[in-house]
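Remarks on the overall topology
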Amino acid sequence: GLPPTIPFWLGEAPGRTIELSESVSRLRETIDDLLGEVSNIPQLEDESRDDKWKVDSLNWLTKEVRIEENAADQVVMYLATVKAAMGTIPSQNNLIIERFFDGAGDMHVVIHSPFGTRLNRGWGLALRKRFCRKFNFELQAAATDDAIILSLGSTHSFPLEEVFGYLNSKTVRNILIQALLDAPMFEIRWRWNASRALAVLRRRAGKKVPPQIQRMNSEDLIALIFPDQLACFENIAGEREVPDHPLVNQTIKDCLHEAMDIDKLETILDKIKNKQIKLIAKDLREASPLSHEIISARPYAFLDNAPAEERRTNAIQTRRWLDPSEANDLGKLDIEAIKAVRAEAWPSVENPDELHDALVLHSFLTDEEGKNGDGINSWEGYFGLLINENRATKIIINENQALWVAVERLPEFQKLYKNLKLKPNIKIPQRIIDDVDQSQDPWVEVIRGRMEALGPVKVEELANSMNIKISKVEQVLFALENEGFVFRGNYTPNEEKQEWCERRLLARIHRYTLNKLRKEIEPVSAAVFMQFLFQWHNLLPDQQLEGPDSLRSVLQKLEGFEAQAVSWEGDILPSRIKDYDHNWLDAVCLSGSTIWGKFHFNGNNGASNGPIKTTPISLINRSNWKFFQRLQNKERSKSTLELSSNARQVLEILEEKGASFFDDLLERAELLKVNLEEAMSELVSHGLLTSDSYAGLRSFLVPSKYKSGRRNGRAPFKIEEAGRWNLLQPNGQNTYDKKQSLEVIARILLRRYGIVFRKLLTQEVMAPPWRELVSIYRVLEARGEIRGGRFVTGVWGEQFALPEVIPQLRSINKQEKSESYVSLSASDPLNLTGVITPGKRIPSIYSNRILYKNGVPIAVKEGKEIKYLIDLPEDEKWVIQKKLIQRKFSPKLKGYLGKGIM
């Protein structure tokens, strides 16, 4: 029995103020100017994503507007995409109207007018009423602060630019009054005014009148004062007569000046008429990014009574993400889709009856078209049989031109051409003459049939095929346009002249274009993903990097990956860098930018008395070391470590004195050189010690027979040349910011694979749990920094990718397949057999190898055994075996890589 606290009707959302709308418009115009020409916006495949077009806009937003950098980046990328799609950014001085089809073939028109909800609501209602009167169709509409959408059916056709002229300032007020009478706003405001005027009581006998009863009482009141408002439409001719009553006048005034802004609307319409505002019309194959908000508008934005679940906008499919490089083509149709639709629309003839049907349906065929037929077979033989049966004949237009016409169409052509010449001359049966509808315009019917077979066509082509004036064809096409049968626009790419297309065929072209685009963005196979990874990591022979500077970019992608010590210079780095020199890695480590060590540790498992070739080693950027350390819980109690007395002594010296050279440690520890080396190697194997140079690790892996000097030209890699030795675990621990650590590692994993998903990270021993990473990736996606979606088939769960990866992945998927072989060590991070490629998992041992052909593993080497995963002729197996076991590394490294690497 308690009164309700939530209203049972839908109210209105507050609109943006005039001043705020002007500020939004100024922001758009400024960004538009800073972005420059559309051609300045680079393609997504470009290496530089920070060109001048973006930098200038970001600087202005961050320094002048003072918004956060991530938000500024999203604003710039969003508006750059809008500009690429439309050619400019809508503002109060630059209005854009766009038109597109949905999946059901219906048409939607969006007017981008950032004037605020009050003005757009009035403009949308008046346009809706204007369309209703023009096309006799109750369309659906909605309005927000930035746009108006009109959802039309399949029977409407009109020049898009004419929509701006459908209303004018002199008549819009009367049209809007008639429109608002059907809108929910009138009923709500009528109830408010009636309650304030005490014409409808809120309380009776000391009790509250229930809201539903108040609503019924207000309807009874309006039935007495304004009977046309609730009258049956069958009894109303023309416009409703609005009574001169205080309550009615006040309600209409509130609607016009509070819910809407009629005065501002009249001013805007005057500016449009006087061409003080730039007007742009765009036909797009799909909705622009700026339309997504109005497409998904909530019920408070609706201008009609249709519920949300019945909106025509539900049939519109929008993209989750659109980059400026992709938006450049948003107004273009695919030429292959146009060709396909033209081929489908053109008649298919295999016998005389089918040719007769084609002549009846499509009005006529020219003599040249008939002789060419379907491009392979001529239809002259079939046409001769029709002539013999008096079912068709030729109309002679002039000496060089003739039309093939069925006898059923001859009455129409007799009205079109004076002194009609037939060859042969045949008599039209009386039943056909009686069946002709005399009320129909023969020109309209003939061109209607012709348009159903052509697809996009220019007026000149139609006129030339019938040898008539262009003006006459245009007159007929305008009539068909008013019926909603044809559209005009620029449909064929690189075609400047205006074209006309039958509505059904145009909708099919749009659908085929979108289907092709969706097919291009379908998830790729595991093999294609592997081919992408080989390119991403420069593993293909013609894509290997060169020079010492390339090592830094390679280490960025490999950062934090744990691989066996011997595999780093035995395969991983040489496979990515042509003519790899170990001195480059020493230089990078000595510069302080990269550190090596065993960073992943779980108790004493995996630790030995010294590093061996299979000891897991990682290379990490020094600035990111702390983040890995925090997530790996590196703070361990020294009392729990099973260290020898010498190793513990060296550990205490380093904790007390800090980083030290080997000679200093030898002096302070007072140990024999051999004993000191053993102690230090034990600390390295426990993940506690590293050196300034990678030569420090090599010195522990070199067999003793090579340490004393040069032998067979092999480098000794002495421990004295390693530089300073320091602890990987500093005393104490910095403040732990888990979110920051997760974000840093999440970006590193993205940089390594380009695309990340849960299954891919199963081999990343240093990666945090996926449940923690996925929340970071979702935030980055919301910022617009990465993209979420489904990019690789055969794996479940969410997938995230760097924006620049998607075009590269698609290009690999589309390019012609050519044989490409890649041989990897099983310790390489791209050993994904059993993870995303079929087959069992190959153990990550440096001596094991895998050979891929076009991204598919075809042969593996485990220990000394070679297995072929596909059937091969005996004479090809030795070639495959050679490709599988081949390695390339500097001869200077054989001193510590040894025979085991082979």
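1. Describing the overall build of the protein chain
The helix and strand tally for the protein chain stands at 36 helices and 28 strands. Among the 902 residues that make up the protein chain, the fraction classed as buried is 53%. Surface accessibility of the protein chain: about 42,500 Å² in total, with carbon and sulfur atoms responsible for 48%.

2. Details of the side chain of Arg488
One can find Arg488 in strand E12 (residues 486-489). For Arg488, a relative accessible area of 16% corresponds to the buried category. Side chain to side chain, Arg488 and Glu481 meet in a polar contact 2.9 Å long. Apart from the residues within four sequence positions on either side, Arg488 is in contact with Arg99, Pro159, Glu162, Asp283, Phe478, Glu481, Gln498, Glu499 and Trp500.

3. Focus on the pattern of salt bridges
Tallying each qualifying case throughout the model produces 37 salt bridges. A salt bridge links Asp146 to Arg28; its shortest N-O distance comes to 3.6 Å. On the criterion of sequence distance, the pair formed by Asp146 in the loop between strand E3 (140-143) and strand E4 (147-152) and Arg28 in helix H1 (residues 18-35) is long-range, its members being 118 residues apart. Judged by its relative accessible area of 14%, Asp146 is buried. Since its relative accessible area comes to 8%, Arg28 is described here as buried. Here Lys673 and Glu720 are joined by a salt bridge, their closest N and O atoms 2.6 Å apart. One end of the pair, Lys673, is in helix H30 (residues 673-685); the other, Glu720, is in the loop between helix H31 (695-701) and strand E21 (724-727), and 47 residues separate them in sequence. The class for Glu720 is partly exposed, based on a relative accessible area of 35%. Through salt bridges with shared partners, one network takes in Arg16, Arg28 and Asp146.

4. A short note on the packing of aromatic side chains
One pass over the full model with this rule turns up 19 aromatic pairs. Between Phe534 and Tyr852 the ring centres are 5.2 Å apart and the planes differ by 65 degrees, which places this aromatic pair in the edge-to-face class. Taken together, the positions of Phe534 in helix H23 (residues 526-536) and Tyr852 in strand E26 (residues 849-853) put the pair 318 residues apart, joining distant regions of the chain. Given the relative accessible area of 2%, Phe534 is considered buried. Ring centres of Trp770 and Phe800 lie 6.5 Å apart, and the angle between their planes is 45 degrees; this geometry places the pair in the tilted category. Of this pair, Trp770 sits in helix H33 (residues 770-783) while Phe800 sits in strand E24 (residues 799-801), and the two are 30 residues apart along the sequence.

5. Topic: the sheet that holds strand E28 (residues 865-868)
Taken together, the four strands give an open sheet; going across it, the order is E25-E26-E27-E28, and neighbouring strands pair in antiparallel fashion. At either margin of the open sheet sits one strand with a lone partner, and together these are strand E25 (821-825) and E28. Pairwise comparison of adjacent strand axes, ignoring direction, gives a mean angle of 20 degrees for this sheet. Both E26 and strand E27 (residues 856-862) contribute to a ladder of five bridges, which runs antiparallel. Bridge pairing links Ile850 to Val860 in E27.

6. Concerning the environment of Asn848
Topologically, Asn848 is positioned in the loop between E25 and E26. Sequence separation of Asn848 and Ala826 is 22 residues, and the distance between their C-alpha atoms is 5.3 Å. Excluding residues that lie within four positions of it along the chain, Asn848 makes contacts with Leu824, Ser825, Ala826, Ile842, Pro843, Lys861, Glu862 and Gly863. Looking at Asn848, its side chain comes within polar contact range of the main-chain nitrogen of Gly863, at 3.0 Å.

7. What to know about the pairing of strand E9 (residues 392-398)
By the bridge criterion, six bridges tie E9 to strand E10 (residues 401-406) in an arrangement that is antiparallel. By the bridge assignment, Lys394 is partnered in E10 with Trp404. The antiparallel hairpin formed by E9 and E10 contains two residues in its connecting segment. Both E9 and strand E11 (residues 422-423) contribute to a ladder of two bridges, which runs antiparallel. Following the sheet pairing, Lys394 is matched in E11 by Lys423.

8. With respect to the sheet that holds strand E7 (residues 278-283)
Whenever strands of a sheet pair, they do so through backbone hydrogen bonds, lying parallel or antiparallel. A sheet is described by the order of its strands in space; here five strands give the open sequence E3-E4-E2-E1-E7, paired in mixed fashion. The two strands at the open ends of the sheet, each matched to only one other strand, are E3 and E7. Going from strand to strand, the sheet's axes swing by 15 degrees on average, the running direction of each strand aside. One ladder, built from six bridges, connects strand E2 (residues 107-112) with E4; its direction is antiparallel. Pairing of Val109 across the sheet is with Leu150, part of E4. The strands touched by helix H4 (residues 117-135) are strand E1 (94-101), E2, E3 and E4; relative to E4, the strand with the most contacts, the crossing angle is about 20 degrees.

9. So, the side chain of Glu499
Its place among the elements puts Glu499 in strand E13 (residues 499-502). Although Glu499 is buried, it forms no salt bridge, and the closest oppositely charged side chain is Arg342 at an N-O distance of 4.3 Å. Only 3.1 Å separates the side chain of Glu499 from the backbone nitrogen of Tyr491, close enough to count as a polar contact. A polar contact is formed between the side chain of Glu499 and the side chain of Thr492, at a distance of 2.8 Å. Once residues lying within four places of it in the same chain are set aside, the contact partners of Glu499 are Arg342, Pro456, Val457, Lys458, Phe487, Arg488, Gly489, Asn490, Tyr491 and Thr492.

10. Observations concerning the confidence of the model for the protein chain
For the protein chain, the average pLDDT comes to 82, and 87% of its residues sit at 70 or higher. Taken together, the stretch residues 43-50 has pLDDT below 50 and engages in 14 contacts with residues farther than four places along the chain or on a different chain.

11. Side note on the pairing of E25
The element E25 is largely enclosed, with a buried count of four among its five residues. Across five bridges, E25 lies against E26 in antiparallel orientation. Note on E26: the bridge partner recorded for Leu824 is Ile850.

12. So, H30
Note that an α-helix has 3.6 residues per turn; residues three or four places apart therefore point the same way. Taking 1.5 Å of rise per residue, 13 residues should cover 18 Å, and H30 covers 18 Å from first to last C-alpha, within 8% of that figure. Every buried residue belonging to H30 is among Leu676, Glu677, Ala679, Met680, Ser681, Glu682, Leu683, Val684 and Ser685, and all of these are buried. The elements touched by buried residues of H30 are strand E17 (594-597), helix H28 (645-657), helix H29 (662-669), strand E20 (689-691), H31 and E21. Positive backbone phi, at 75 degrees, marks Gly687, one or two positions downstream of H30.

Conventions used here
- Residues numbered from 1 in each chain as written.
- Predicted model: local features only at pLDDT ≥ 70, side-chain atom pairs only at ≥ 80, totals over all residues.
- Heavy atoms only, no water.
- Helix = DSSP H or I, 4+ residues; strand = E, 2+ residues; numbered from the N terminus.
- Buried < 20%, exposed > 50% of the residue type's maximum accessible area, 1.4 Å probe, protein only.
- Areas by Shrake-Rupley, 256 points an atom, 1.4 Å probe, with all protein chains shown as cover.
- Polar contact = N/O pair within 3.5 Å; in protein donor to acceptor, adjacent residues only side chain to side chain.
- Contact = heavy atoms within 4.5 Å.
- Salt bridge = Lys/Arg side-chain N within 4 Å of Asp/Glu carboxyl O.
- Phe/Tyr/Trp six-rings, centres within 6.5 Å; stacked < 30°, edge-to-face > 60°.
- Pairing = 2+ DSSP bridges.
- Axes fitted to C-alpha atoms, helices over the stretch in contact; angles between N-to-C directions.
- Lys, Arg positive; Asp, Glu negative; His and termini not counted.
- pLDDT = per-residue confidence, 0-100.
- Expected span 1.5 Å × (residues − 1).

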